[in-house]
Amino acid sequence: MSVTARGRLADLAAHAGVSEATVSRVLNDKPGVAVTTRQAVLTAVDVLGYERPSKLRRNSAGLVGLITPELSNPVFPMFAQGIETQMAAAGFTPVLCTQTPGGVHEDEYVQMLLDRAVSAIVFVSGLHADTRAELGRYHELRERGLPIALVNGYREGLDATFISHDDHSSMRLAVGHLRDLGHTRIGFATGPARYVPVQRRVEGFREAMADLADGGPAGATGIDLDELVCTTLFSIEGGAAAGRQLIEAGVTGIVCGSDVMALGVMRAAGQLGLRVPQDLSVVGGDDVPFMTFVDPPLTTIRMDVDGMAAAAVTTVLEEIAGEQVDRREYLFDPELILRQSTGPVPG
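Residues numbered from 1 in each chain as written. Predicted model: local features only at pLDDT ≥ 70, side-chain atom pairs only at ≥ 80, totals over all residues. Heavy atoms only, no water.

J.: Any chance you could explain the sheet that holds strand β9 (residues 281–286) here in plain terms?
T.: Strand pairing in a sheet relies on backbone hydrogen bonds, with the paired strands running either antiparallel or parallel. The sheet built from 6 strands is open, its strands ordered β7-β6-β8-β9-β10-β12 with mixed pairing. A single partner strand is all that each edge strand has here, and the edge strands are β7 (229–231) and β12 (335–337). Averaged over neighbouring strand pairs, the angle between their axes works out to 20° when direction is ignored. (Pairing = 2+ DSSP bridges. Helix = DSSP H or I, 4+ residues; strand = E, 2+ residues; numbered from the N terminus. Axes fitted to C-alpha atoms, helices over the stretch in contact; angles between N-to-C directions.)

Below, the structure written as structure tokens:
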């Protein structure tokens, strides 16, 4: 279908989130349009089934779907940017599908992508990460022979490639850092317990705290770990609620499941009259942009987003090309990033 009709221009503008005038400039190959905006419009043309004007046609290997959670957590835009950039460089048109609470369901996005004959789909923290979700949807995709990569959320018995952050190692790094500063009563604030990465981090936290009790400073024994693990929402508000609960439990350091939660913990500490790091040490997770601008700058466990994005792209491109792919879980090492939100135990 041609995209010359005004109604179709409106469809494209709505899908790309730009004005009809911008769509017109892109379709007429006019200057003055940002590269990302131009790509968004051309992706809308492809996704909605319209034909590109002849001068904008290029040899494309096809569409690849990318399904992510809502982009309010900065780590997900980081994944999206990394995956989209590498897919576009390989000649594929990435189609970003963002889930929001009460919005389009993952299964609906998948059906839309299948209707557009995508060559592969990359899922970032999708339903595969939720232990309450059925895996039949992914088994069906594999039965169709569709290459898929599942980022953060390993599930046993699923014939697919998994790309995961090493959650156990991240907890060893965080707890070990606080232990070295003299902390023994350490809390862990993280997201809902039904998610695979959360379960792995809780396991890692418990193991690291057990090591602390076995060989750490005096006073580390006899700690009730159930009291020191708080599962809540992956949000600033969730972090603040967990922070208040853990501070009331007498912790001197808190490890957080994400940087966003760490911001909530720091907010709660300030509301309770505590200073970070003089009275409370805080460790975040992910190392998303702008954490150096927090006051104080946030010590955090960096997730290797670039490496994980590259691995997800590589594995689906190899499978699209018909190469033999070792479909298993690939773990990526975390890195402790030291800043000023952690310090010696008070007193």
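Moving on from the coordinates now.
J.: Before we go on, may I ask you to explain the layout of surface pockets in this structure?
T.: Over the atoms rolls a probe the size of a water molecule, and in doing so it shows where empty space is left. The calculated volume of the largest pocket comes to roughly 960 Å³. Those elements giving two or more residues to the lining of the largest pocket turn out to be α4 (75–89) and α8 (196–215). Residues of the lining of the largest pocket, tallied by class, amount to 16 nonpolar, 12 polar and 6 charged. (1 Å grid on protein atoms, 1.4 Å probe; cavity = no way out; pocket = protein on both sides within 12 Å on 5 of 7 lines; lining within 4 Å. Points joined across faces, edges and corners; volume = space filled by probe spheres on them. Nonpolar A, V, L, I, M, F, W, Y, C, P; charged D, E, K, R; others polar.)

J.: Explain the environment of Thr-43 to me, please; I cannot follow it from the model alone.
T.: Here Thr-43 shows up in helix α3 (residues 35–47). Separated by 28 residues in sequence, Thr-43 and His-15 have C-alpha atoms that sit 9.3 Å apart. When sequence neighbours within four positions are dropped, the list of residues in contact with Thr-43 reads Thr-93, Pro-94 and Val-95. (Contact = heavy atoms within 4.5 Å.)

J.: Where do I start with the nonpolar core in this structure?
T.: Across soluble globular proteins, you tend to see nonpolar side chains buried next to one another. In terms of nonpolar packing, the biggest core is built from 62 residues, with Val-122, Ile-254 and Val-282 touching the most fellow members. Looking at this core, the element that brings in the most residues is helix α12 (residues 305–320), giving 7 residues. Excluding its chain neighbours within four sequence positions, the residues that come into contact with Val-282 are Ile-254, Cys-256, Ala-262, Val-265, Met-266, Val-276, Leu-298, Thr-299, Ser-341 and Thr-342. (Core = buried A, V, L, I, M, F, W, Y, C linked by side-chain atoms within 4.5 Å. Buried < 20%, exposed > 50% of the residue type's maximum accessible area, 1.4 Å probe, protein only.)

J.: Just to check I follow, could you spell out the pattern of salt bridges for this structure?
T.: Side-chain pairs of opposite charge can arise whenever the charged atoms involved come near each other. Following the criterion strictly, the structure yields 15 salt bridges and no others. Linking Glu-319 and Arg-142 is a salt bridge whose minimum nitrogen-to-oxygen distance equals 3.0 Å. Placement of the pair is Glu-319 in helix α12 and Arg-142 in helix α6 (residues 136–143), with a sequence separation of 177 residues. With relative accessibility at 13%, the residue Arg-142 sits in the buried group. Members of the salt-bridge network, linked through shared partners, are Arg-142, Asp-159, Glu-319 and Arg-327. (Salt bridge = Lys/Arg side-chain N within 4 Å of Asp/Glu carboxyl O.)

J.: Looking at this structure, how should I read the sheet that holds strand β11 (residues 329–332)?
T.: Taken together, the 6 strands give an open sheet; going across it, the order is β2-β1-β3-β4-β5-β11, and neighbouring strands pair in parallel fashion. Two strands close off the open sheet at either side, each with one partner strand: β2 (92–98) and β11. Adjacent strand axes in the sheet meet at a mean angle of 20°, parallel and antiparallel pairs treated alike. Sheet contacts for α4: β1 (62–68), β2, β3 (121–124) and β4 (148–151); angle to β2, the most-contacted strand, approximately 160°.

J.: So what exactly am I meant to see when it comes to the packing of helix α5 (residues 106–115) against α6 here?
T.: For any two helices packed against each other, one specifies the crossing angle of their axes together with the interaxial distance. Put simply, α5 and α6 touch, their axes get as near as 12 Å, and they point 15° apart. Considering their axes alone, α5 and α6 lie roughly parallel with respect to each other. Here α5 runs over α6; the crossing is left-handed. Contacts between α5 and α6 involve Glu-106, Asp-107, Val-110 and Leu-114 on the former and, on the latter, Arg-137, Tyr-138 and Leu-141. Residues that form the contact of α5 with α6 fall into these classes: 4 nonpolar, no polar and 3 charged. (Parallel < 35°, antiparallel > 145°, perpendicular 65-115°, else oblique. Left-handed = near helix turned anticlockwise from the far one by under 90°.)

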